[in-house]
Amino acid sequence: MRRIVPCASLLASAFALAGCVAETDGAWRPPAWEPTPIVETEPSETANPVTVDGLAGHRIRNDDLGLQARFTYLPGRDPVVDEYNATVENAVWELIDTRSEATAIDYRPQAHDVGAGFADRGCVDGAAGRPAADLLGDPTIGPVDGDGALVVCEIVLARGPFFGQRIRAIAGGPAEIVADTQLTHLVDTDSGELFDANALWNDQAAAVIGVGIIDRMRRDAGALTLAAPTIDPAAVETVHASLSTTTPTPDGLRITLAGGFTAEALVELGAPAHAGPISIVIPAETAQPLLTDLGARVVAAAEEPYRGPARGAAGLDRIDCTLLPCVALTYDDGPGEHTAGMLDTLADHHAAATFFVQGQYIASRADVVRRAVEEGHAVENHSWNHPHLPALTPPEIVRQLKDTNAAILDATGVPARAFRPPYGEHSPAVLAAAGMPAILWDVDVRDWAGLSDAEVTRQAVTGPEPGSIVLQHDVQESTARTADAVYAGLGDRGFSLVTLGQLFTDGLPSSGAWRSAR
Amino acid sequence: MEHVPRSPQPRPPLRTRRRRWLVGIVIALAVCIGGGIAAASVLGDLQEEVADGTRLTMGETDSTVIVPEGWLVRGAGHDVLTVRTPDGVLTARVAVAEGDDSTALDRVAGGLRAEPGADPGAPRHEVLASGADVVHADIGTRGLAAVVGTSSVVTLAATVEEPARMADYRRAVAELLEGIRP
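From a predicted model like this one, the values you see are computed outputs, not experimental measurements.

## Remarks on the pairing of strand β5 (residues 80-84) of chain B
Residues and elements named next belong to chain B. Pairing geometry for strand β4 (residues 72-74) and β5, over three bridges, is antiparallel. Bridge pairing in β5 places L72 opposite R84. The turn linking β4 back onto β5 is made up of five residues, and G75 within it adopts a positive phi angle of 95°. Bridge count between β5 and strand β6 (residues 90-97): five bridges; the pairing is antiparallel. Looking at β6, one finds that R84 is bridged to T91. As consecutive antiparallel partners, β5 and β6 are separated by five residues, and within that stretch G88 has a phi angle of approximately 75°, a positive value.

## Structural notes on the state of the cysteines
All names here are of chain A. Scanning the entire structure with this criterion turns up two disulfides over all chains. For C321, the disulfide goes to C326, at an S-S distance of 2.1 Å. With the S-S dihedral at roughly -90°, the linkage between C321 and C326 falls on the left-handed side. Taken as a pair, C321 and C326 share a single burial class, namely buried. Disulfide connectivity for chain A, with bonded cysteines indexed by sequence position, reads 1-2, 3-4.

## Regarding the pairing of strand β9 (residues 143-148) of chain B
Residue and element names in this part refer to chain B. Along β9, six of the six residues are buried, which leaves the element largely enclosed by surrounding structure. Two strands pair when backbone bridges link them, and strand β8 (residues 133-139) and β9 are joined in this way by six bridges, in the antiparallel orientation. Across the sheet, the residue bridging to V135 is V147, located in β9. Counted between consecutive antiparallel strands, the loop separating β8 from β9 contains three residues, among which G140 sits at a positive phi close to 60°. Pairing of β9 with strand β10 (residues 153-160) involves six bridges; the strand directions are antiparallel. Directly across from A145, in β10, lies its bridge partner A157.

## What about the sheet that holds strand β2 (residues 55-57) of chain B?
Residue and element names in this part refer to chain B. Spatial strand order, β2-β3-β11: three strands in an open sheet with antiparallel pairing. A single partner strand is all that each edge strand has here, and the edge strands are β2 and β11 (180-181). As paired strands, β2 and strand β3 (residues 64-66) are joined by three bridges and run antiparallel to one another. By the bridge assignment for β3, R55 is matched with I66.

## Digging into the confidence of the model for chain B
All names here are of chain B. Looking at chain B as a whole, its pLDDT mean stands at 82, while 72% of the residues score no less than 70. Averaged pLDDT values for the elements of chain B fall to 59 in helix α1 (residues 14-46) and rise to 97 in helix α3 (residues 170-178). The ipTM for the predicted assembly is 0.78, set against a pTM of 0.72.

## Points about the layout of surface pockets
Residue and element names in this part refer to chain A. Within this model, the largest pocket holds a volume of roughly 490 Å³. If you go around the largest pocket, you meet 27 residues; those closest to its centre are G57, R121, H349, H350 and F495. Counting residues per element, the ones that place at least two in the lining of the largest pocket are β2 (56-62), α15 (477-492) and β17 (496-498). At four residues, α15 tops the list of elements feeding residues into the lining of the largest pocket. Of the residues that constitute the lining of the largest pocket, the class distribution is 13 nonpolar, eight polar and six charged.

## Re the sheet that holds β8(B)
All names here are of chain B. Spatially, eight strands are ordered β1-β4-β5-β6-β10-β9-β8-β7 in an open sheet, and the strand pairing comes out antiparallel. One side of each edge strand has no neighbouring strand; the edge strands of this open sheet are β1 (48-50) and β7 (124-127). With strand direction ignored, the average angle separating the axes of adjacent strands in the sheet is 25°. Packed on one face of the sheet, helix α2 (residues 101-110) meets β6, β8, β9 and β10 and runs near 155° to β9.

## A look at helix α12 (residues 394-412) of chain A
Residues and elements named next belong to chain A. When the terminal C-alpha atoms of α12 are compared, their 27 Å separation across 19 residues agrees well with the 27 Å that a helix rising 1.5 Å per residue should span. Buried residues of α12: I397, Q400, L401, T404, A407, I408, A411 and T412, and no others. Mapping the buried residues of α12 onto a view down its axis gives an arc of 125°, with all of them on the same face. In α12, the exposed positions angled more than 90 degrees off the buried face are occupied by P395, R399, K402 and D410. Those residues of α12 that are buried are in contact with β12 (354-357), α10 (359-362), α11 (366-374), β13 (378-381) and α13 (428-434). Immediately beyond the C-terminal end of α12, within one or two residues, lies G413, with a positive phi of roughly 80°.

## As for the pattern of salt bridges
Residues and elements named next belong to chain A. In total, this model carries 27 salt bridges over all chains according to the counting rule given. R218 serves as the salt-bridge partner of D215, at 2.8 Å between the closest nitrogen and oxygen. Placement of both D215 and R218 in helix α4 (residues 205-220) is noted, with a separation of three residues, approximately one turn of the helix. The residues D215 and R218 share a single accessibility class, namely buried. A salt bridge links E455 to R458, with the nearest nitrogen and oxygen atoms 2.8 Å apart. A residue pair is termed a helical-turn pair when its members lie 3 or 4 positions apart in one helix, as E455 and R458 do in helix α14 (residues 453-462) at three residues. Among the residues examined, E455 registers a relative accessible area of 23% and is labelled partly exposed.

## A look at the nonpolar core
Residues and elements named next belong to chain A. Residues I60, F71, L323 and L500 are the most contacted members of the largest nonpolar core, which totals 44 residues. For this core, the secondary-structure elements that each account for two or more residues are β2, β3 (67-73), α2 (79-103), β4 (148-159), β5 (162-172), β11 (326-334), β16 (468-473) and α16 (500-503). Here this core takes seven residues from α2, the largest share from any one element. In contact with L323, not counting residues within four places along its chain, are I60, F71, Y73, E89, V92, W93, I96, Y107 and P109. Judged by nonpolar contacts, the second largest core, of 38 residues, contains L200, A205, A206 and F261.

## With respect to the packing of aromatic side chains
Residues and elements named next belong to chain A. Using the criterion set out here, one finds seven aromatic pairs over all chains in the structure. With a centroid separation of 5.9 Å and 80° between ring planes, the pair formed by F504 and W514 is classed as edge-to-face. Of this pair, F504 sits in the loop between α16 and β18 (513-514) while W514 sits in strand β18, and the two are 10 residues apart along the sequence. Look at F504 and you get buried, because its relative accessible area is 8%. The exposure class of W514 is partly exposed, given its relative accessible area of 33%. Of the aromatic side chains, those joined through ring pairs into one cluster are Y84, F163 and Y306. The ring of F118 has R59 lying over it, and the distance from NZ or CZ to the ring centre is 3.9 Å. Taking the ring centre of W33 as reference, the NZ or CZ of R219 above it sits at 3.7 Å.

Thresholds applied
- Residues numbered from 1 in each chain as written.
- Chains lettered and ligands numbered in written order.
- Predicted model: local features only at pLDDT ≥ 70, side-chain atom pairs only at ≥ 80, totals over all residues.
- Heavy atoms only, no water.
- Pairing = 2+ DSSP bridges.
- Helix = DSSP H or I, 4+ residues; strand = E, 2+ residues; numbered from the N terminus.
- Disulfide = S-S within 2.5 Å.
- Buried < 20%, exposed > 50% of the residue type's maximum accessible area, 1.4 Å probe, protein only.
- pLDDT = per-residue confidence, 0-100.
- 1 Å grid on protein atoms, 1.4 Å probe; cavity = no way out; pocket = protein on both sides within 12 Å on 5 of 7 lines; lining within 4 Å.
- Points joined across faces, edges and corners; volume = space filled by probe spheres on them.
- Nonpolar A, V, L, I, M, F, W, Y, C, P; charged D, E, K, R; others polar.
- Axes fitted to C-alpha atoms, helices over the stretch in contact; angles between N-to-C directions.
- Contact = heavy atoms within 4.5 Å.
- Expected span 1.5 Å × (residues − 1).
- Arc of directions from axis to C-beta.
- Salt bridge = Lys/Arg side-chain N within 4 Å of Asp/Glu carboxyl O.
- Core = buried A, V, L, I, M, F, W, Y, C linked by side-chain atoms within 4.5 Å.
- Phe/Tyr/Trp six-rings, centres within 6.5 Å; stacked < 30°, edge-to-face > 60°.
- Lys NZ or Arg CZ within 6 Å of the ring centre and 35° of its normal.

Dropping the structure here:
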């Protein structure tokens, strides 16, 4: 009996305890948050590195006004290209006007010292996502000493007929960023339609995308509610403004919110405002119901090769020499045996020049003269056989110039619009007989004087100022040998090499004698 | 010396012996049954069950909770529940409590030490999809305290076992919180 009772108790306890703890399931996995249809990416990551041959990249820095600007034109000239390039250029002029007012200094293009590094020009991959202070302090992008204002572009789209670049404008200094704005300028080069990136999205897009962003941010901040996130009107407005930064990418559409983004729902949660810019990608399938027809066409073109305007001759591109530091290289006395090779070198540098040809040599090298015009260079009149024009009678002067004009027109199909008097000698009688403006020079490289190649290069590179006209001779071997170094050196100083027609921004003068376009 | 034989102990009669056995058995059974009843009462609270996803009333209060289906529940019907995720990694104590939400959170957070030296993080206020208010705070990387409701409140103190982190179980905690009606 004494054994039975404990035994019974033990058995009862064993049975009871055996059923006390349920078995766990090691294969069970905790549920995850529903994925938001928005993917956060690194702000500095280049969304869509685009390499497009033939774009005309530019870079200006003006140390009086404290600004630097990098931007890109579409190549060539037609109404669509011109309108797009004017839009881009306006963004640069707005910056210049602002700085001009702030400093009370009129803007004039500036070139820089030898070795300034301005051959590196045009847009900068990843510039849209870099911190503003970083860009201001970057000497290849920001104003001198990092204090002032900048414009920098990033090519964000070159697919099918669509081209786009994002223009970012920043003002401030090491102590404070005063302004930081971005706008993506897009163009359908088929239809000619210009639009900013907001036009890709419909009216619901900002709120829907904003809710997605808030959902991500609240989870990162530790939210536990399963209630659908809400968005307040101010946050919608912030997101709407950021849609202008839309960049099509292979994965969808990327937008960048400026730093400091928050929303009422996040404030209530105690989440701090986002410190830096937020770069997010909205996958194509998520974006689809939020797009306009135009936006849908842009996304649909994501896999197509770019078929926008192709690179043409430098002399045919848009150039505004009130904005850019320009120099006109002029070559006298040809066409000669070196002229064709110099055309090759000019093409390599995407540079333009003006050839003052002697009428007597045109017939024997008509193909070279024609090629020069076809490649965007200017061919002008340097008399028939290089006489001292003031020593001639008016009829003789007229004949010298008229015969040469006829030969130029015959060879190229394009009439000459200016002449250069041999030796620079001119008089009122010469000018009156010519009926064309006489184009002289303000920089004489003296390549005819037996200078060393180094000296020819030095004079050609260091001599010009914006608006200069440089005299050389394409019949001189040293000029042909040094052409590559001269073009590179001038580009490095920030110059754009242009024709005389481009140098005089209001068109070539109709009369008179001109040493420069200043 | 005269040997006087000891008179033998008189054996009880057979009927008496049977009666003693019966009494013993009855007592033993009574002890077993009584003990069983008492043990059942105590062990019932320790019994862990698999939740079926239905709403459970917490003790004699109006507070209820839906423990997600498949979770392990101990103390069903009482005003303090201990629940575990099916993998046993997260354990949460859900209790009806007195006081307002912030004092209750301080109390719960103060009593929760998932990690040595882990202080409660900043309290976060939210409205659940259920419409109930919740205030919650992280306790290090493996603990979480929450209070659902404002006037009548239900507290939740959750921990996860190493090497797991609470971050991996936040969605599970959210489901549990959404099932609480304080």
